[in-house]
Amino acid sequence: MSCEHVERDLDSYLDNELDAATTMDVRGHLNECAACRRRVNEREALGRLVRAVPYHSAPDRLRARVLAETTRTSSVRRLLTWAAAAVLVISVGGGGISLWRSAATHGDAMVDQVVDSHVRSLMASHLFDVESTDQHTVKPWFLGKLDFAPPVADLASIGFPLVGGRLDYVGGRPVAALVYQRQRHTINVFVSPALSDVSTRADVRSLRGFHIHHWVRGGMSFWAVSDLNEAELTQFCGALEAS
Ligand SMILES: [Zn+2]
């Protein structure tokens, strides 16, 4: 049996759908051929990965860990692409397709950066520089650390408590990161002075399983990032805009 034959039958082999004789042939080839064994291992790793990738409601820390694990080696990077496609299919099944707008097609490097920063903050146990549910503690903490005063609102009354803040670096400049919580989901809101005073309506995107809302108000640029479902994140951002 040739490598081409094995590759052609690989999915059926892994799904135990081949007849006994062909299964023996594939096994025989795998004993001899390291390249095909690697292919089988990759395919099995993909299966495990797809099963491990969290559905919409999984905690974002888990998602961050999966992303970190899967981007660690370039050989697995390809698997991640497949897994992302699988997640997309799952999302289509859940009726969420209209919310999936690829940031790549918008070509906005900022979206990439705020998502990276969000994931970093969840992974590195560096979610806070100042941990407090009190906006009157968080707001003054930024004084002297930034050349602007970020507006800090607490939205605990509608179920999005402020839990802290930290300094971050996004888009080539220091920004204020305000951290909000919704059950087990973390929302990072990055605030920095806007290039223009013109207020904009929220621009909504999705990238790598995270939702990103961006708007400008009062001369400040806001980027909210979370794996929270789109409806609740929209509610959160609406409340923050109105605060
Ligand atoms: Zn082979």
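See the structure above.
Residues numbered from 1 in each chain as written. Predicted model: local features only at pLDDT ≥ 70, side-chain atom pairs only at ≥ 80, totals over all residues. Heavy atoms only, no water.

Trainee: In this structure, what is going on with the coordination of the zinc ion? I would like to understand it.
Mentor: Six octahedral donors around a metal ideally subtend angles of 90 or 180 degrees, whereas four tetrahedral donors ideally subtend 109.5 degrees. Here the zinc ion is held by the protein donor atoms C3 (SG), H29 (NE2), C33 (SG) and C36 (SG), which lie 2.0 to 2.3 Å from it. Around the zinc ion, the four donor atoms sit at angles spanning 101 to 113°, and that spread fits a shape best called tetrahedral. Each donor residue of the zinc ion belongs to the same chain, with the gaps between them written as C-x25-H-x3-C-x2-C. The same class applies to H29 and to C36, which are both buried. (Donors = N, O, S within 2.8 Å, 3.2 Å for Na, K, Ca; no water. Tetrahedral: all angles 85-135°; square planar, octahedral: opposite > 155°, others 65-115°. Buried < 20%, exposed > 50% of the residue type's maximum accessible area, 1.4 Å probe, protein only.)

Trainee: Honestly, the side chain of R182 in this entry has me stumped. Any pointers?
Mentor: Positionally, R182 belongs in strand 3 (residues 173-182). Within polar-contact distance, the side chain of R182 engages the side chain of E232 at 2.7 Å. If we skip the residues at most four places from it in the chain, R182 touches I158, G159, F160, L228, E232 and Q235. (Helix = DSSP H or I, 4+ residues; strand = E, 2+ residues; numbered from the N terminus. Polar contact = N/O pair within 3.5 Å; in protein donor to acceptor, adjacent residues only side chain to side chain. Contact = heavy atoms within 4.5 Å.)

Trainee: How should the nonpolar core be read in this particular structure?
Mentor: Nonpolar side chains tend to gather and get buried jointly when the protein is soluble and globular. L178, Y180, I187, V189, F236 and L240 are the most contacted members of the largest nonpolar core, which has 26 residues in total. Among the elements that line this core, the one with the most residues is helix 9 (residues 230-242), at four residues. Discounting chain neighbours no more than four positions away, the residues touching L240 are A153, L155, Y180, V189, W215 and R217. Membership of the second largest hydrophobic core comes to 13 residues, among which are V114, F190, L207 and W223. (Core = buried A, V, L, I, M, F, W, Y, C linked by side-chain atoms within 4.5 Å.)

Trainee: Even after reading the chapter, I still don't get the packing of aromatic side chains, so can you show me in this structure?
Mentor: For any pair of aromatic rings, geometry is given as the distance between the ring centres together with the angle between the planes. What the rule picks out here adds up to four aromatic pairs. Seen in terms of ring centroids, W215 and F222 are 5.2 Å apart; in terms of plane orientation they differ by 5°. Their pairing is stacked. For F222, a relative accessible area of 6% corresponds to the buried category. Its end group placed over the ring of W141, K145 keeps NZ or CZ at 4.3 Å from the ring centre. The positively charged end of R182 is found above the aromatic ring belonging to F160, 4.2 Å away from the centroid. (Phe/Tyr/Trp six-rings, centres within 6.5 Å; stacked < 30°, edge-to-face > 60°. Lys NZ or Arg CZ within 6 Å of the ring centre and 35° of its normal.)

Trainee: How do you make sense of the sheet that holds strand 3 when you look at a structure like this?
Mentor: Sheet strands line up and pair through hydrogen bonds in the backbone, either parallel or antiparallel. Strand order in the open sheet formed by seven strands is 1-2-3-4-7-6-5, and the pairing between neighbours is antiparallel. The open sheet has two edge strands, strand 1 (130-131) and strand 5 (200-207), and neither has a second partner. As defined by bridge partners, strand 1 adjoins strand 2 (residues 162-170) across two bridges and the pair is classed as antiparallel. Bridge assignment links V130 to a residue of strand 2, and that residue is G165. Strands strand 3, strand 4 (185-193), strand 5, strand 6 (210-217) and strand 7 (220-226) of the sheet are contacted by helix 9, whose axis makes an angle of about 20° with strand 6. (Pairing = 2+ DSSP bridges. Axes fitted to C-alpha atoms, helices over the stretch in contact; angles between N-to-C directions.)

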